[in-house]
Amino acid sequence: MNKSVPPAVDAKDLTVVRGPHPVLHNLTFTVPRGQITGLLGPSGCGKSTLMRATVGTQAKVTGALTVLDHPAGHPALRSRVGYVTQAPSVYLDLSIRQNLDYFASVLLPGRSAAAHRRTEVDRVLTDVDLTSHADALAGNLSGGQLSRVSLAVALLGTPELLVLDEPTVGLDPVLRRDLWNLFDDLAADRGTTILVSSHVMDEAERCHRLLLMRQGELLADDSPDALRERTATATVEDAFLRLVDEANANNTTRTATRPTTH
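Keep in mind that what you see is a predicted model, and the values were worked out from it rather than measured. (Residues numbered from 1 in each chain as written. Predicted model: local features only at pLDDT ≥ 70, side-chain atom pairs only at ≥ 80, totals over all residues. Heavy atoms only, no water.)

Draft legend 1. Quick look at helix 5 (residues 173-190). For helix 5, spanning 18 residues, the distance from its first C-alpha to its last is 25 Å, which sits close to the expected 26 Å at 1.5 Å a residue. Turning to helix 5, its buried residues number three or more, namely Leu175, Leu179, Trp180, Leu182, Phe183, Leu186 and Ala187. Seen end-on, helix 5 carries its buried residues on one side only, within an arc spanning 150 degrees. Away from its buried face by more than 90 degrees, helix 5 exposes Pro173, Ala188 and Asp189. Buried residues along helix 5 sit in contact with strand 3 (36-40), helix 3 (114-127), helix 4 (143-155), strand 7 (161-165) and strand 8 (193-198). Just downstream of helix 5 lies glycine 191, where phi reads positive at about 70 degrees. (Helix = DSSP H or I, 4+ residues; strand = E, 2+ residues; numbered from the N terminus. Expected span 1.5 Å × (residues − 1). Buried < 20%, exposed > 50% of the residue type's maximum accessible area, 1.4 Å probe, protein only. Arc of directions from axis to C-beta. Contact = heavy atoms within 4.5 Å.)

Here's what the structure looks like:
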């Protein structure tokens, strides 16, 4: 990353508490601009919480979290950040195009923007390969198609940062490949910064940088090549398992050497 360009996301001592327990523990990391950063780890490790914090919808966040040079959740970020949750965020009683027309009217209001809205809707339909299904009712779509509609909504307005929470979960291998090809194109051709979560380790190989998480903690923040080299492993999955083993060993050592009290 160019040192003179601030990162898209900059977190310092980021902590989130839910009830009596912390969900995220003092995370410090950056997300470089114009790259795909993968947020990987097992289900329940805090990935979704971290993404909600990044887009400004998570409660009880402490520490510093800057997104595109603004505090996370700042009103100036509304049109600059696209967010796709795990659950489809569309109206099932509307067609794909009607959904996109509605969200485009919210994002790009005003009569003077009508032609631009139509162009935007046509563009994102092409991006997610749903042009031929544009008039289909959302309630009749498959899970994979619904996921692509949600992604199309997030792409309206050409956001600078896309935050994608497990966008390929439940998709067949062909759709997964096609979506990752789209992510590659967005980063390479449009300079879009993408923060994408997954628990599928083979998707890590498609990322420029990786944040590996476990139990609310950050195990690593590095490129796939650097992680493999650092752990002397052949795959990112093996690197992750090596880091988990090291973390477990360190925790066991600290517990064993902790002085007892009476």
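Draft legend 2. Looking closely at unusual backbone geometry. A positive phi angle, near 50 degrees, is found at leucine 68, a position not held by glycine. Topologically, leucine 68 is positioned in the loop between strand 4 (61-67) and strand 5 (70-71). On the basis of relative accessibility, which here comes to 2%, the residue leucine 68 falls in the buried class. Positioned with a positive phi, glutamine 215 is a non-glycine residue whose angle comes to about 50 degrees. For glutamine 215, the location among the structural elements is in the loop between strand 9 (209-214) and strand 10 (217-222).

Draft legend 3. Molecular detail of the pairing of strand 9. Taken across its six residues, strand 9 has five buried, putting it largely inside the fold. By the bridge criterion, four bridges tie strand 3 to strand 9 in an arrangement that is parallel. Along strand 9, the bridge assignment pairs leucine 40 with leucine 212. Two elements, strand 9 and strand 10, share five bridges in a ladder whose sense is antiparallel. Bridge pairing links leucine 210 to aspartate 222 in strand 10. Counted along the chain from strand 9 to the antiparallel partner strand 10, the turn is two residues long, and its residue glutamine 215 has a positive phi close to 50 degrees. (Pairing = 2+ DSSP bridges.)

Draft legend 4. Representation of the pattern of salt bridges. Counted by the stated rule, this structure contains 15 salt bridges. Of the charged contacts in the structure, one is a salt bridge between lysine 12 and aspartate 10, with a shortest N-O distance of 3.0 Å. You can call lysine 12 partly exposed: its relative accessible area is 44%. Aspartate 127 serves as the salt-bridge partner of arginine 123, at 3.1 Å between the closest nitrogen and oxygen. (Salt bridge = Lys/Arg side-chain N within 4 Å of Asp/Glu carboxyl O.)

Draft legend 5. Just helix 2 (residues 96-107), in detail. With 12 residues, helix 2 ought to run about 16 Å at 1.5 Å a step, and its terminal C-alpha atoms sit 17 Å apart, in line with that. Taken residue by residue, helix 2 has Ile96, Asn99, Leu100 and Ala104 as its buried positions. All buried residues of helix 2 fall inside an arc of 125 degrees around its axis, so they share one side. Elements in contact with the buried residues of helix 2: helix 3 and helix 4.

Draft legend 6. Fine view of the environment of alanine 154. For alanine 154, the location among the structural elements is in helix 4. Taking the C-alpha atoms as reference points, alanine 154 and valine 128, 26 residues apart in sequence, are found 11 Å from one another. Contact partners of alanine 154, with chain neighbours within four places excluded, come to Gly82, Tyr83, Val84, Pro159 and Leu162.

Draft legend 7. Main features of the sheet that holds strand 2 (residues 21-31). Strand order across the open sheet formed by four strands is 2-1-4-5, with antiparallel pairing between neighbours. On the outer flanks of this sheet lie strand 2 and strand 5, each paired with one strand and no other. Looking at chain direction, strand 1 (residues 9-18) and strand 2 are connected through seven bridges and run antiparallel. When the sheet's bridge partners are listed, alanine 11 is paired in strand 2 with phenylalanine 29.

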